[in-house]
Each structure stands twice: as structure tokens, then as C-alpha cells.
Amino acid sequence: MDTIRRHILDLSRRGLLRGSTGLAALAAIGAPVREGLAQPAFRAFPFALGVASGEPAPDGFVIWTRLAPEPLAPDGGMPRRAVPVSWEIAEDEAFARIAASGSAIARPELAHAVHVEVSGLAPGRPYVYRFQAGDAASPTGRARTAPAPGAAPPRIRFAFAGCQHYEHGHFTAWRKIAEEADLDFVFHYGDYIYEYAGRQPGQRGWGPIVRSHLGEETVSLADYRLRYAQYRTDPDLQAAHAAHPFLPSYDDHEVDNNWAGPFSEEDGRGRFPVAVPPEVFALRKAAAFQAWYENMPVRRTALPRGPDITAYRRLDFGTLMRVNVLDTRQFRDDQPCGDGAKPACPEVFRAEAQMLGAAQERWLLDGMARSPARWNILAQQVPLMRRELRDGAISMDKWDAYPAARQRLLDGIAERRTPNPVVLSGDVHVALAATVRRRPEDASSAPVATEFTATSVTSEGDGAEMTRGGEEVLRRNPDIALFHARRGYCVAEATTQRLTTEFVALPFVTREGAPRETAARMVVEAGRAEVVRS
Ligand SMILES: [Fe+2]
């Protein structure tokens, strides 16, 4: 049995139910919740971290909040006891037509986060939701169910973004995403937080300091909770979560820069000769994953068990789109050649290289083989495309340094004749669009997929439209059709004929109020994999 199925089964056995049974379970415990738990009196507004929705299905989605009247205080200013929270979903902004309602428990073990898996709703339509705790009502959030199975929606529109170092700039990109009309979902590719210690203005280090992280480098559960709370107090980020359902994933900085499987960045090689032992790093992963779960609108299947978490999953949007959310961190082998960017050493060409791990790779290809969808999205973290850098170097943290794993994936997709595979990625803090060939190192091999890489929301500050490194990347990699190094995000729109990705750029992030600009529109026609400017 594969990991994800075993995990779901174990959760069910432990009484954590999901899907339609989850709502029934909530209804059943609703009465005791109200009778057995005292309504709290809050010293301040308890919904200071906002609301969120995620994981849209045809019959529902997850709604989320976290009670934290003093978000930056220990325990968010909450008492160490369980607190009842009621919720309701409505068809209209005035909450006159209630579609579902119930009670949940905000528990101190989960930082008083609430995840409700709502089901029983109608497919392919918008809803509003809100929570109540004590006499406080939350802000209203907006969500949308996915189209019915087998339905053929005329289009699916989604945004994707990530890499949001809090110190490096303002979250203007999230404000602009909040204002985007008619998004079916927002995919977050990761680097939602950065783990680094706070720097004060004028202090040396990586990137500009527009505002400062609270605290030291995150190691404990309390550290990670505080870091998420600080990021989530940002009104632009809150607005984006309240406006659209998210598909969250994580990359490295949710735990530790460039971690890989059981290995910390401090892996005993290259720049880090003194290793953190894997059994010790596992404790940090457990803390980091728990805080990630607590703060993301994800299903109970993503509840971590110690250092293990199941975050890869599939979501279908009628017959138009299948989204495979991948995990390229937890099951990969350590970066070869001591990490960094350098020409390939022999270790790069190891035959058994793993990026997804055997179980996830098999699960992905099985889903590709059976896909009913016109567009098959690989929503993941690090660039898959061939990306040769200065002096022929490659980045040891990307798919370029795991070529055997990449070849198995591309061969698997091509052999299964999966229609229109489209790869999403980020992590490199520049916008890229590329045609992916069956053998990425061979310019004469056939195109089999298309890749869009979102730039960072803030990481590395204002950036520039073009850099010397960017000119070199374009010169060395003819399959890369776009390079743009401002901050921003992507908005993609798929129809049966084509998928168009708009690369939204911001002229600055070190000051507030940047206008929304279009860096480029890149398009791929169905049945072809070549990406071109529209
Ligand atoms: Fe990043």
C-alpha cells in the first residue's frame, strides 16, 4: 500500500474522518461542543490572523482560521484550553442563504487553528464563509467549489506564487492576487516563510531589510508558530487568503534552507563539514511541519506524524484540468557534489537519483496514465527545465542535478501519452518560461512538456527586468523563452484550446504601492508543448 493511502487509513482508524463523513462527525459533536466547552472572553479580536480556504473539491473545500488575539505573544494570547468555534457557509454576501454550518474545536495542541472540511456543497460556484468565537465574528472569506466530475468548464483560471521573504519587501503581489477576478485557486509553491534570524536595519546579510523577522533562526515549534504568525499579520497576505482558495505546498525554507529528505542543509559536506544528524534534524522537521499544517488550509490527510507528512495530492477541475501537487523535498536524495552551483561532478549522473521518491513517482505516473483531463499540471517547487548557468554550471538543488529522476519522469509521461503536461515551479526568484524536451540536454529531441516558473513575491528585493546572469541563461538555453527578474506572480488561464500564463511584475517591493505590470504573456497551444509569446 502506498504512503498516502496508508496515511489516510490510519487517520480514519484514529477517528479523524474526512470527506462527507467528516461533516457528519462535526455535526454529531456540535452539541457537546456547545454544552461542554465554555465560550471564551477574548482580550482582543481573536481573528487577527484572518481566514483562509483551500483544497477545492466539487462538493466543498477546507475553511481555516486560527484564534490569536495577540498573534505575536506566546500561544497567540490564548489560554491553554479548547475553545468552541462555529462556522457558516453562505451562497450570498449577506449570509441570508446558508448552505452549511457547524461547530469545530480550536485546540491548544494545534495552536488554536481550525480546519473544517466542508462537503455537501454545489459544484463550480462561489461561496462565502465566516467563523464565530465567543461574541467575535471573523472577517468574511470567499471560496469556490471545483466543477463537477465530468463537467467541461469553459476555462480554469489560477494564480501561482511563492518565495516571500518578509524582510526583503512588501507583499504587494498578494494584494494584487487578492484583486484578481475569478480565480479557481492559488497554488503556493513554497518558501511561505523563511527560517532565518531577524536582521535589524543596516545589518549585513542576504537581501534588503524592509522590515525585520522577530526572533532567532526557527528551530522549535514555538519559533515556527511565531514566524507564521508574523507573516500572517500582513494585511496583503490576509487579503489573498480571504479572496481565493489556496493549494499550499512547501519548499525548503518552511524547514531549513536546501534540506533534502532526511538531511539538513548542514549535511557534513561542502560548506557544512559538521552535520546535523538526521535523527536530530527529524525533530526540527516535526516542529516545522506541525506549524505548516496549523497555518495552511489543508485537509487532515496532511496532518504530520512526527517528521513525516503527506502533502502530495491530486485535484481535478472537471475534464479541463488535473492538478498534481508534488513534494520535491521530503523524498529526494541529498544534493550531489556538495550542493551549490557548479559544473556537474560524476555524482550528478547517479542512475538511482530520486527527486520524488519511488512511491510518489509511481503515484504521479499512475495518475498521469488515467487522467481524464485536457491539461495535466505538475504543481511543484524547483525548476525541472534544463538551466545551464555561467561556466556551464548547474544548480545542485534543482532537477538539473537529478537527471536520472527527471528522465524517468519525462519518459513516463511521454509513454503514457498524458495530454498537455504543464510544470509549475519557483524557487529561483526570477520568472522563466520554457519548452521541456523528452531529453532536456538534447536540442533535437521532441518537446513533451511546458514549464512556467514564477518569480518571488519579495525575495531578493526589487530585482531588475534583465540581469547579466539572465542574458547568459537565455544564450545558453534556447528552450528558455522568457527571463524576467522583477518580483511578482503568475496568472494562468486554460481553455480547451490553449493555456496562457501572464507574468505579472512589480517595478518595486521595497516600497509599498507598486502598480501591477505585465512582463509577458506566454502561451502553449493544446497538443503542442512549445511555449511562445502571445
Ligand atoms: Fe525562495
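What counts as what
Residues numbered from 1 in each chain as written. Predicted model: local features only at pLDDT ≥ 70, side-chain atom pairs only at ≥ 80, totals over all residues. Heavy atoms only, no water. UniProt positions renumbered as here; feature names shortened; annotations may be inferred. Helix = DSSP H or I, 4+ residues; strand = E, 2+ residues; numbered from the N terminus. Expected span 1.5 Å × (residues − 1). Buried < 20%, exposed > 50% of the residue type's maximum accessible area, 1.4 Å probe, protein only. Core = buried A, V, L, I, M, F, W, Y, C linked by side-chain atoms within 4.5 Å. Donors = N, O, S within 2.8 Å, 3.2 Å for Na, K, Ca; no water. Phe/Tyr/Trp six-rings, centres within 6.5 Å; stacked < 30°, edge-to-face > 60°. Lys NZ or Arg CZ within 6 Å of the ring centre and 35° of its normal. Salt bridge = Lys/Arg side-chain N within 4 Å of Asp/Glu carboxyl O. Pairing = 2+ DSSP bridges.

You'll find the protein entered in an unreviewed UniProt entry as Alkaline phosphatase, with Neoroseomonas marina given as the organism.

Caption draft 1: Layout of the UniProt feature "domain: Phospholipase D N-terminal" (unreviewed entry) in the protein. Taking the numbering used here, the UniProt-annotated feature "domain: Phospholipase D N-terminal" (unreviewed entry) corresponds to residues 49-145. Annotated as residues 49-145, this span is 0% helix and 53% strand, and its ends, taken at the C-alpha atoms, are 23 Å apart.

Caption draft 2: Broad picture of helix H7 (residues 358-369). Under the 1.5 Å per step criterion, the end-to-end length of H7 is 16 Å for 12 residues, consistent within 8% with the ideal 16 Å. All of the buried residues in H7 are Gln 360, Glu 361, Trp 363, Leu 364, Leu 365, Gly 367 and Met 368.

Caption draft 3: Spatial organisation of the nonpolar core. Judged by nonpolar contacts, the single largest core of 78 residues is most densely connected at Trp 174 and Phe 452. In terms of residues, this core owes the most to one element, helix H6 (residues 278-295), which gives seven residues. Grouped together as the second largest cluster of nonpolar side chains are 28 residues, Leu 378, Val 382, Met 396 and Ile 413 included.

Caption draft 4: Molecular detail of the coordination of the iron ion. Here the iron ion is held by Cys 163 (SG), Asp 191 (OD), Tyr 194 (OH) and His 429 (NE2), and the distances to it run 2.0 to 2.4 Å. Taken in sequence order, the residues that donate to the iron ion follow the motif C-x27-D-x2-Y-x234-H. Of the residues examined, Tyr 194 reaches a relative accessible area of 0% and is grouped as buried.

Caption draft 5: Region of the structure containing the packing of aromatic side chains. As enumerated under the stated definition, the model contains 21 aromatic pairs in all. The interplanar angle of 35 degrees and the centroid separation of 5.2 Å between the aromatic rings of Tyr 166 and Tyr 231 together place this pair among those described as tilted. With a gap of 65 residues between them, Tyr 166 in the loop between strand E9 (156-161) and helix H3 (172-179) and Tyr 231 in helix H4 (residues 221-232) connect regions that are remote in the sequence. Each member of the pair, Tyr 166 together with Tyr 231, is buried. Residues Tyr 196 and Trp 206 carry aromatic rings whose centres are separated by 6.3 Å and whose planes lie at 80 degrees to one another, so their mutual orientation is edge-to-face. With Tyr 196 in the loop between strand E10 (185-188) and H4 and Trp 206 in the loop between E10 and H4, this pair connects stretches of sequence that are 10 residues apart. Among the residues examined, Tyr 196 registers a relative accessible area of 25% and is labelled partly exposed. Classification of Trp 206 as partly exposed rests on a relative accessible area of 36%. Within the aromatic cluster, the residues linked to one another by ring pairs are Tyr 250, Trp 259, Phe 281, Phe 289 and Trp 292. Over the ring of Tyr 127 we find Arg 125, and its NZ or CZ is 4.7 Å from the ring centre. For Arg 511, the ring lying beneath its charged end belongs to Phe 508, and the centroid distance is 3.9 Å.

Caption draft 6: Local environment of the pattern of salt bridges. Applying the stated criterion across every chain yields a total of 46 salt bridges. Across the salt bridge formed by Arg 43 and Glu 70, the nearest N and O atoms sit 2.8 Å from each other. In this pair, Arg 43 sits in the loop between helix H2 (19-36) and strand E1 (51-57) while Glu 70 sits in the loop between strand E2 (60-66) and strand E3 (83-90), placing the two residues 27 residues apart along the sequence. In this structure, Arg 350 engages Asp 333 in a salt bridge whose closest nitrogen and oxygen atoms are separated by 2.9 Å. Remark: Asp 333 occurs in the loop between strand E13 (321-325) and strand E14 (341-342) and Arg 350 occurs in the loop between E14 and H7; sequence separation between them is 17 residues. Taken together, the shared-partner salt bridges connect Arg 155, Arg 157, Glu 180, Asp 182, Glu 493, Glu 502, Arg 516 and Arg 521 into one network.

Caption draft 7: Representation of unusual backbone geometry within the structure. Residue Glu 55 is not a glycine yet carries a positive backbone phi of 55 degrees. In this structure, Glu 55 sits in strand E1. Residue Glu 55 is classed as buried on the basis of its relative accessible area of 5%. We note that Asp 339 has phi near 65 degrees; this positive angle belongs to a residue other than glycine. Counting through the fold element by element, Asp 339 comes out in the loop between E13 and E14.

Caption draft 8: Geometry of the pairing of strand E21 (residues 480-494). Where burial is concerned, most of E21 is hidden: 12 out of the 15 residues are buried. Summarising the sheet, strand E18 (residues 431-437) and E21 pair through four bridges and their orientation is antiparallel. Bridging across to E21, Leu 432 finds its partner in Phe 483. The sheet contact formed by strand E20 (residues 463-464) and E21 spans two bridges and is antiparallel. Residue pairing for E21: Gly 463 is matched across the bridge by Arg 486. In the sheet, E21 pairs with strand E22 (residues 498-506) via eight bridges, with the strands oriented antiparallel.

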